[in-house]
Amino acid sequence: YASRVPLTKAAAVLVNADYDAKGPHSLVRVRDVGVALDWCLHFFSPEPDRPPVGVHPTAVVAKSAKLGQDVAIGALTVVGDGVVIGDRTVIGPSCVLGREITIGKDCELRPQVVIEQHCILKDNVIILSGAKIGNDGFGYTTLDGQHLKIPHIGRVIIEEHVEIGANSCVDRAKCGDTVIHRGSKIDNLVQIAHNVQLGEHNILCAQVGIAGSTSTGKYVVMGGQSGAIDHIHVPDFLQAACQSAITKEFPPGTKVAGFPARETVAYYREQTNLKRLKKLIEEVKSLKADLAREKKPK
Amino acid sequence: YASRVPLTKAAAVLVNADYDAKGPHSLVRVRDVGVALDWCLHFFSPEPDRPPVGVHPTAVVAKSAKLGQDVAIGALTVVGDGVVIGDRTVIGPSCVLGREITIGKDCELRPQVVIEQHCILKDNVIILSGAKIGNDGFGYTTLDGQHLKIPHIGRVIIEEHVEIGANSCVDRAKCGDTVIHRGSKIDNLVQIAHNVQLGEHNILCAQVGIAGSTSTGKYVVMGGQSGAIDHIHVPDFLQAACQSAITKEFPPGTKVAGFPARETVAYYREQTNLKRLKKLIEEVKSLKADLAREKKPK
Amino acid sequence: YASRVPLTKAAAVLVNADYDAKGPHSLVRVRDVGVALDWCLHFFSPEPDRPPVGVHPTAVVAKSAKLGQDVAIGALTVVGDGVVIGDRTVIGPSCVLGREITIGKDCELRPQVVIEQHCILKDNVIILSGAKIGNDGFGYTTLDGQHLKIPHIGRVIIEEHVEIGANSCVDRAKCGDTVIHRGSKIDNLVQIAHNVQLGEHNILCAQVGIAGSTSTGKYVVMGGQSGAIDHIHVPDFLQAACQSAITKEFPPGTKVAGFPARETVAYYREQTNLKRLKKLIEEVKSLKADLAREKKPK
């Protein structure tokens, strides 16, 4: 867009620090124009639709709950016994907070979020509408043909600056904790099973599934509808293509695709070769015929 | 079933217009027996389970909300400031309607639907229970290793005669609007990301995911668990097999399958050829041996 | 762990019936140590977070509803006309039970479950938070380019000892019933379409989708993100790998993978052969060149 800067009628223009032309308008020098532009959207945002500070008269808040300074609790929200909520946290309407959960400061829960008993949210956590945190994990023992439910007595811990998308689910641990480590961002309709340890600063796109007891490193990126099987470790910086399924260990930074997931470059090469397979089958047939003809005359 | 028509004890029989036999029973000539039969189910439906006209005393409705004629608001539903609801629209129990949303006439929201602020539903829209409309899109800028949330100041617009399934999610746009165009039908647990433009009369089966800023043409059909990546256009009349992932442009009317999606016929041929690959490997090995033997004697 | 038994400081040790060593501690002989250990977790579980027996004053319960002995109804839950709830059943906060549904004894519904009209839950059913039971199936007839909604006048029947995961959906039948047969366990975010007959003791992992009118036998296991197309039968004891899509009939006990699903062993062999395809293409090219050279001299 650099060539158009002199022509714009805007009052001010965001430019990178090394931009050297001048114009009639003010130049605002920034480290990264893209980041700065996204940041500026904050100034154009309508006032957020949040319940005001205080407890809405229709909310059902246990007497033993402890609310910090300037906490907002929306209409028709249930807050259980012994819940602790940190300063400035906003709980939207129609949420259910189970017994003895702890929520940090400056968190935001959108409408119809459910947090089950004993779970912990640290500071600056955002949970979008309909997400369900702390359900029993999916674990059974089979005895005489009956699947018997295994108690899940662990918790879910969600660390600082995590965001969890609409209608996503994070299950509580059988023992110990399911942990979403700091800075990770989870899109809508994602499944995080019991005892998962999701590393720091992961990006999980919509409809991803992480099976039980699997852990991930830092800065893992999982594309939409991809998954990882249970009891494996996904290394730092791995990037999984959409719809891939991680079934084994990889070195850090690997880009993978397919089921079972292999390196993306290998996967795409295989798919390209697959297109040539029909011709190859014909070539081999023709080679066999040729060779047979060669043999005969002797 | 034509041969059985004379034998039936039914009082009346639906037949296509060109049906020429007669019987003791009444024949009801219709353009399409299948369509007519489905239509007749309406007469056998139990009375629908909808809240009666009026506002349930436990609903929390902002004074500034404007309700049309014969609107029904169910128990424990929250209606925010400045909401406008058209005539005869029915909002089920336990829904949350955010500030300044507009809903048209003859719409129906089943229980526990959430519509976030400023979104627009036109006439005759049906939203099944638990669907979440208007959450922030999944967008971040990464600066110094931190994923920073990008504000989403756009809206969701849902046009006439759209139906959205249970627990599905449609995210608001970063800027501008996410639009579901008229007549499209979306099944359960579907993800529609920010800034998507879903064309008219699309059919999206359960668990489909459409990534950010992608658009679709008219009459697109996407099978269960299929998806489309971000920033592409899916053409009119494309049909995607279940679990396919559309990653590039196709001509209108293409039928696709696989990841990355290619023409369905090609995909199935490849899968068939893949089965022959083992034999082919053996044949090539044997050919090499044969050829080596041929060469030697000379 | 057998060698470590003599060394443990535990007061008691669970051992299999045939364990023959002795120790200073008590040995508790059991049929299956794994099962027994999971069972023992019950004794370490915190008291469950359930509403107390009785109806919470904020619940909205129709006068015509019939509640059994020791039923608990949580805060802000809606119970419709003619609902029947069996003894000792616990309905969590913020649920919506539609008209004339029947729920058996000793069931548990966690928060924000929706059950639509006329559905039936038998005894000992557990439904986790946010699950939606009894929405209209996804069925339309297309006439003059418009998709017309087909009425769904059937029900959902959920038999004894079934568990359904968080935010999962089970749709009502067009006619007749969608049935989840006894003992089946369904994880989070699963889609069960209209008229499905899910057999006894199935295990459906997270994000599975079963399309309309499909039936399954006994003890079917479906891995995460797998699916079955509509109108097929999945046989007893079939095991589907994660992300597989069942599109045809198989013999009982088959293990399948891929799209379209084939036997798992075949699928993996194909994927292995696929890796060799590049080399094979080169070998055939080289063979052709060799053979051409052979021919020329004559």
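Above this note sits the structure.
Asker: Sorry, what's going on with the overall build of chain A here?
Answerer: Each helix and strand counted, chain A has two helices and 35 strands in total. Its C-alpha atoms give chain A a radius of gyration of 27 Å, more than 25% over the compact-globule value 19 Å for 298 residues. In terms of principal-axis extent, the alpha carbons of chain A reach across some 100 × 80 × 30 Å. When the accessible area of chain A is evaluated, it comes to approximately 12600 Å², of which 55% is carbon and sulfur surface.

Asker: What am I meant to see in the relation of the copies chain A and chain B here?
Answerer: The operation relating the pair of chain copies consists of a rotation about an axis and a translation along that axis. With an RMSD of 0.1 Å, the operation that places chain A on chain B is a rotation of 120° combined with a shift of 0.1 Å along the axis. Put plainly, the chains are arranged around a three-fold axis.

Asker: I keep staring at the packing of helix 2 (residues 264-295) of chain B against helix 2 (residues 264-295) of chain C and nothing clicks. Help me out?
Answerer: Contact geometry for helix 2 of chain B and helix 2 of chain C: axes closest at 9 Å, N-to-C directions at 30°. With respect to their mutual orientation, helix 2 of chain B and helix 2 of chain C come out roughly parallel. In this structure, helix 2 of chain B meets helix 2 of chain C at a crossing whose hand is left-handed. Its residues placed into classes, the contact of helix 2 of chain B with helix 2 of chain C shows 13 nonpolar, two polar and eleven charged.

Asker: Teacher, can you tell me more about the sheet that holds strand 21 (residues 169-171) of chain C here?
Answerer: Within a beta sheet, neighbouring strands are joined by backbone hydrogen bonds and run either parallel or antiparallel to one another. Residue and element names in this part refer to chain C. If you trace the ten strands from one edge of the open sheet to the other, you get 4-7-10-13-16-21-24-27-30-33, paired in parallel fashion. Each edge of the open sheet carries a strand with a single partner, namely strand 4 (60-61) and strand 33 (245-246). The pairing of strand 13 (residues 114-115) with strand 16 (residues 132-135) spans two bridges and is parallel. Its bridge partner being in strand 16, V114 is matched across the sheet by K132.

Asker: Help me out: how do you make sense of the pairing of strand 19 (residues 155-158) of chain C in this one?
Answerer: The side chains of a regular strand alternate between both faces of the sheet. Residues and elements named next belong to chain C. Both strand 14 (residues 120-121) and strand 19 contribute to a ladder of two bridges, which runs parallel. Bridge pairing in strand 19 links I120 to I157. Pairing geometry for strand 19 and strand 22 (residues 177-180), over four bridges, is parallel. Following the sheet pairing, V156 is matched in strand 22 by T178.

Asker: Help me out: how do you make sense of the interface of chain B and chain C in this one?
Answerer: Interface extent is often summarised as the accessible area lost during association of the parts. Listed per partner, the contact involves 62 residues of chain B and 68 residues of chain C. Overall, the association of chain B and chain C removes approximately 5300 Å² of surface from exposure, summing both partners, and the carbon and sulfur fraction of that is 61%. Viewed at the interface, chain C and chain B are joined by five salt bridges. A salt bridge links C:K174 to B:D38; the nearest nitrogen and oxygen atoms lie 3.0 Å apart. Remark: the boundary between chain B and chain C carries 26 residue pairs in polar contact (both at pLDDT 80 or more). Where the side of chain B that touches chain C is concerned, the elements lending two or more residues are helix 1 (33-44), strand 23 (185-186), strand 26 (203-204) and helix 2 of chain B. For the side of chain B that touches chain C, the leading source of residues is helix 2 of chain B, giving 15 residues.

Asker: Even after reading the chapter, I still don't get the environment of B:R155, so can you show me in this structure?
Answerer: Residues and elements named next belong to chain B. Considering the arrangement of structural elements, one finds R155 in strand 19 (residues 155-158). Residue R155 is classed as partly exposed on the basis of its relative accessible area of 30%. R155 sits 54 residues away from I101 along the chain, and the two C-alpha atoms are 9.6 Å apart. Not counting residues within four places of it along the chain, the set of residues in contact with R155 comprises H118, I120, R172, A173, G176, D177 and T178. Only 2.9 Å separates the side chain of R155 from the side chain of D177, close enough to count as a polar contact.

Asker: Which parts of the structure should I look at to understand the pattern of salt bridges?
Answerer: Any two side chains of opposite charge can pair, on the condition that their charged atoms come close. Residues and elements named next belong to chain B. This model, assessed by the stated rule, comprises 42 salt bridges over all chains. Across the pair R293 and D290 runs a salt bridge whose closest N-O atoms are separated by 3.3 Å. Pair noted here: R293 and D290 are both in helix 2, with a separation of three residues, about one helical turn. For R293, a relative accessible area of 52% corresponds to the exposed category.

Asker: Help me out: how do you make sense of helix 1 (residues 33-44) of chain A in this one?
Answerer: An α-helical turn contains 3.6 residues, so a residue and the one three or four places further along point in the same direction. In this model, helix 1 of chain A (twelve residues) spans 17 Å end to end at C-alpha, consistent with the 16 Å of a helix rising 1.5 Å per residue. Where helix 1 of chain A is buried, its residues meet strand 1 (12-16) and strand 2 (26-30) of chain A together with strand 17 (140-143) of chain B. Its side-chain oxygen at 2.9 Å from the backbone nitrogen of A:G34, A:D32 defines the N-terminal cap of helix 1 of chain A.

Asker: Where do I start with the sheet that holds strand 21 (residues 169-171) of chain B in this structure?
Answerer: All names here are of chain B. Taken in spatial order, the ten strands line up as 4-7-10-13-16-21-24-27-30-33 in an open sheet, and their pairing is parallel. The sheet is open, and its two edges are formed by strand 4 (60-61) and strand 33 (245-246), each paired on a single side. The sheet contact formed by strand 27 (residues 209-210) and strand 30 (residues 227-228) spans two bridges and is parallel. Bridge pairing in strand 30 places G209 opposite G227.

Asker: Would you explain a nonpolar patch on the surface in this entry?
Answerer: A contiguous nonpolar surface patch, about 450 Å² in accessible area, is contributed by A:W39, A:F43 and A:F44. Within the element layout of this structure, A:F43 appears in helix 1.

Asker: Even after reading the chapter, I still don't get the packing of aromatic side chains, so can you show me in this structure?
Answerer: The description of an aromatic ring pair uses the distance of the two centres, along with the angle that the planes make with each other. All chains considered together, the criterion is met by 15 aromatic pairs over all chains. With centroids separated by 5.2 Å and ring planes inclined at 80°, the aromatic side chains of A:F138 and A:Y140 adopt a geometry described as edge-to-face. Like A:F138, the residue A:Y140 is buried in the burial classification. Consider the rings of C:Y267 and C:Y268, whose centres lie 5.9 Å apart with planes at 85°: the pair is edge-to-face. Of the residues examined, C:Y268 reaches a relative accessible area of 34% and is grouped as partly exposed. These aromatic residues form a ring-pair network of at least three members: A:F259, C:Y267 and C:Y268.

Asker: Looking at this structure, I do not really get the side chain of A:H201. What am I missing?
Answerer: Considering the arrangement of structural elements, one finds A:H201 in the loop between strand 25 (197-198) and strand 26 (203-204). Exposure remark for A:H201: the relative accessible area of 6% places this residue in the buried category. Excluding residues that lie within four positions of it along the chain, A:H201 makes contacts with A:R182, A:G183, A:S184, A:Y219, A:V220, B:G145, B:Q146 and B:H147.

Asker: It is not clear to me how helix 2 (residues 264-295) of chain A should be interpreted in this structure. Could you clarify?
Answerer: Its 32 residues give helix 2 of chain A an end-to-end C-alpha distance of 44 Å, which sits within 8% of 46 Å, the value for a rise of 1.5 Å per residue. Maximal helix bending in helix 2 of chain A amounts to about 40°, located at A:L277.

Asker: Which parts of the structure should I look at to understand the pairing of strand 16 (residues 132-135) of chain A?
Answerer: In terms of strand pairing, strand 16 of chain A meets strand 21 (residues 169-171) of chain A through three bridges, oriented parallel. Across the sheet, the residue bridging to A:K132 is A:C169, located in strand 21 of chain A.

Asker: Would you explain the interface of chain A and chain B in this entry?
Answerer: Contacts between the two partners involve 63 residues from chain A and, on the opposite side, 68 residues from chain B. Taking both partners together, chain A and chain B bury about 5300 Å²; carbon and sulfur atoms supply 61% of that area. Our count for the chain A to chain B interface comes out at five salt bridges. One salt bridge in this structure joins B:E283 and A:K288, with 3.2 Å as the shortest N-O distance. On the surface where chain A and chain B come into contact, there are 27 residue pairs in polar contact (both at pLDDT 80 or more). When residues of the side of chain A that touches chain B are traced back to their parent elements, those giving at least two are helix 1, strand 23 (185-186), strand 26 and helix 2 of chain A.

Asker: Before we go on, may I ask you to explain the environment of A:T216 in this structure?
Answerer: Residue and element names in this part refer to chain A. Within the fold, T216 resides in strand 28 (residues 215-216). Between the C-alpha atom of T216 and that of K105, which follows or precedes it by 111 residues, the distance is 26 Å. Not counting the four nearest positions on each side in its chain, T216 is found in contact with Q197, L198, G199, N202, H233 and V234. Within polar-contact distance, the side chain of T216 engages the side chain of N202 at 2.6 Å.

How each quantity is defined
- Residues numbered from 1 in each chain as written.
- Chains lettered and ligands numbered in written order.
- Predicted model: local features only at pLDDT ≥ 70, side-chain atom pairs only at ≥ 80, totals over all residues.
- Heavy atoms only, no water.
- Helix = DSSP H or I, 4+ residues; strand = E, 2+ residues; numbered from the N terminus.
- Rg over C-alpha atoms; globule rule 2.2 N^0.38 Å.
- Areas by Shrake-Rupley, 256 points an atom, 1.4 Å probe, with all protein chains shown as cover.
- Least-squares fit on C-alpha atoms with pLDDT ≥ 70 in both.
- Axes fitted to C-alpha atoms, helices over the stretch in contact; angles between N-to-C directions.
- Parallel < 35°, antiparallel > 145°, perpendicular 65-115°, else oblique.
- Left-handed = near helix turned anticlockwise from the far one by under 90°.
- Nonpolar A, V, L, I, M, F, W, Y, C, P; charged D, E, K, R; others polar.
- Pairing = 2+ DSSP bridges.
- Contact = heavy atoms within 4.5 Å.
- Buried area = accessible area lost by both parts, 1.4 Å probe.
- Salt bridge = Lys/Arg side-chain N within 4 Å of Asp/Glu carboxyl O.
- Polar contact = N/O pair within 3.5 Å; in protein donor to acceptor, adjacent residues only side chain to side chain.
- Buried < 20%, exposed > 50% of the residue type's maximum accessible area, 1.4 Å probe, protein only.
- Expected span 1.5 Å × (residues − 1).
- Patch = residues over 30% accessible without salt bridge, like charges linked within 9 Å, V, L, I, M, F, W, Y side chains within 5 Å.
- Phe/Tyr/Trp six-rings, centres within 6.5 Å; stacked < 30°, edge-to-face > 60°.
- Bend = angle between axes of the 7 residues up to and from the residue.

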